[in-house]
Amino acid sequence: SADSHVMEPPDLWWNALGERFGERTPRLMEEWRGESGRFFYTGGQVRRLMDIEKDAESRDALEDGYVPEKRVAFQRNAGVAAEIMYTSAMLAQLRSPDAEVLQAAAAVYNDWLYDFCAYDSERLVAIAVVPMHDPAWAVREFDRNLARGFRGAMINLGAPAGRSAYRDPSYDPFWARAAEAGAPITLHSGSG
């Protein structure tokens, strides 16, 4: 499958970054504007989470998104040889204007995805999330993940707010590194 998605644990970023960034941290929320429920703060907006944990079938489908053993079992049962694994929750986070938090959140996600895909890296193909707010940082994060076996990267759909368009020479080191590595760069409509 060329377009499969993990389902990150919603407390992933709060557990890793909450003390560092406080209320700026992407996180699960139990209340938003006086309304109770399950909400997720992306770093730029709040989204209501569907309550899909009500029945066993939905819980199993959800666990296929973050428990690698279950994902590989699902693949075998479905006759799928391998999946290219993209983010779910980081898509909306890529819209965040808070570059500092976004870069830290992407590094946390990439570390989590590395562990997830390490269970069976032939079947679970890792694609990093690399925000493009700072092209020099993007090259470093891209290289860090290529060294760990990631096969490509997803970047913001368009240049982040306040940045030049992707044709600007400031991005050339990133494009050159991707070309040198032979690693595809993906743009996803949910990311901006």
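Residues numbered from 1 in each chain as written. Predicted model: local features only at pLDDT ≥ 70, side-chain atom pairs only at ≥ 80, totals over all residues. Heavy atoms only, no water.

## Re the side chain of S96
Heads up, the condition is: Secondary structure elements follow DSSP: runs of H or I of four or more residues count as helices, runs of E of two or more count as strands, with numbering from the N terminus. Contacts were defined at the residue level, with two residues in contact if any of their heavy atoms lie within 4.5 Å.
Mapped onto the elements, S96 comes out in the loop between α4 (89-93) and α5 (99-118). Setting aside chain neighbours within four positions, we find S96 in contact with T42, G43, G44, L102 and H133.

## Some thoughts on the environment of A99
Condition: Here the term buried applies to any residue with accessible area under 20% of the maximum for its type, exposed to any over 50%, and partly exposed to those in between, with areas from a 1.4 Å probe on protein chains only.
Mapped onto the fold, A99 is located in helix α5. Under the relative-accessibility criterion, A99 is labelled partly exposed at 22%. As a C-alpha pair, A99 and P135 span 36 residues in sequence and 12 Å in three-dimensional space.

## Quick word on the pairing of strand β6 (residues 124-129)
Side-chain positions along a regular strand alternate between the two faces of the sheet. Note the cut-off: At least two DSSP bridges between two strands are required for those strands to pair. Whether a crossover is right-handed depends on one test, that the path from the first strand over the helix to the second runs clockwise when the strands point away from the viewer.
Burial of β6 is extensive: six of the six residues sit out of reach of the surface. Side chains of β6 alternate between two faces, with L124, A126 and A128 and V125, I127 and V129 buried alike. Bridge count between strand β5 (residues 83-86) and β6: three bridges; the pairing is parallel. Residue E83 lies in a different strand from β6, and its bridge partner there is L124. Direction of pairing for β6 relative to strand β7 (residues 152-155): parallel, over a ladder of three bridges. The partner of I127 across the bridge, within β7, is G152. Once you follow β6 into helix α6 (residues 135-146) and on to β7, the crossover reads as right-handed.

## Looking at unusual backbone geometry
Within the chain, R33 stands out as a residue other than glycine whose phi angle is a positive 50°. Relative to the elements of secondary structure, R33 occurs in the loop between β2 (27-32) and β3 (35-41).

## Concerning the packing of aromatic side chains
For the record, the criterion: Two rings belonging to Phe, Tyr or Trp (six-membered ring only in the last case) form a pair when the distance between their centres is within 6.5 Å. Interplanar angles under 30 degrees mark stacking, angles over 60 mark edge-to-face geometry, and anything in between is tilted.
Within the structure shown, the criterion is met by eight aromatic pairs. A centroid spacing of 5.2 Å and a plane angle of 45° characterise the contact between F142 and F174, whose relative ring orientation is tilted. With a gap of 32 residues between them, F142 in helix α6 and F174 in helix α7 (residues 172-181) connect regions that are remote in the sequence. This pair shows no difference in class: F142 is buried, exactly as F174 is. Ring geometry for Y166 and W175: centres 5.6 Å apart, planes at 90°, overall edge-to-face. Looking at Y166, the relative accessible area reads 15%, which means it is buried. Taken together through their ring pairs, the aromatic side chains of F142, Y166, Y171, F174 and W175 make up a single cluster.

## Describing the packing of helix α1 (residues 12-21) against α5
The packing of two helices is summarised by the inter-axis angle and the distance between the axes. Inclusion rule: Angular values range over 0 to 180 degrees, each being the angle between N-to-C directions of two axes fitted as lines to C-alpha atoms, with helices fitted over their stretch in contact. Two helices that cross are described as forming a left-handed crossing if the nearer one is turned anticlockwise from the farther one by less than a right angle, and a right-handed crossing if clockwise. Amino acids outside the nonpolar list (Ala, Val, Leu, Ile, Met, Phe, Trp, Tyr, Cys, Pro) and the charged list (Asp, Glu, Lys, Arg) are all regarded as polar, and Gly is one of them.
Axis separation between α1 and α5 bottoms out at 10 Å; the angle between their running directions is 145°. In the crossing of α1 with α5, the sense of the turn from one axis to the other is right-handed. When α1 is examined against α5, the residues L12, W13, A16, L17, R20 and F21 are found in contact with a partner set consisting of E100, V101, A104, A105, V108, Y109 and W112. Residue composition of the contact of α1 with α5, grouped by class: 11 nonpolar, no polar and two charged.

## Remarks on the nonpolar core
This is how the line gets drawn: Put simply, buried Ala, Val, Leu, Ile, Met, Phe, Trp, Tyr and Cys residues joined by side-chain atoms within 4.5 Å make one nonpolar core.
Residues W13, L113 and V130 are the most contacted members of the largest nonpolar core, which totals 44 residues. For this core, the elements supplying multiple residues, two or more each, are α1, β5, α4, α5, β6, α6, β7 and α7. Ranked by residue count, the leading element in this core is α5, at 11 residues. In contact with W13, not counting residues within four places along its chain, are E8, G18, T25, P26, F40, A89, M90, Q93, A105, V108 and Y109.

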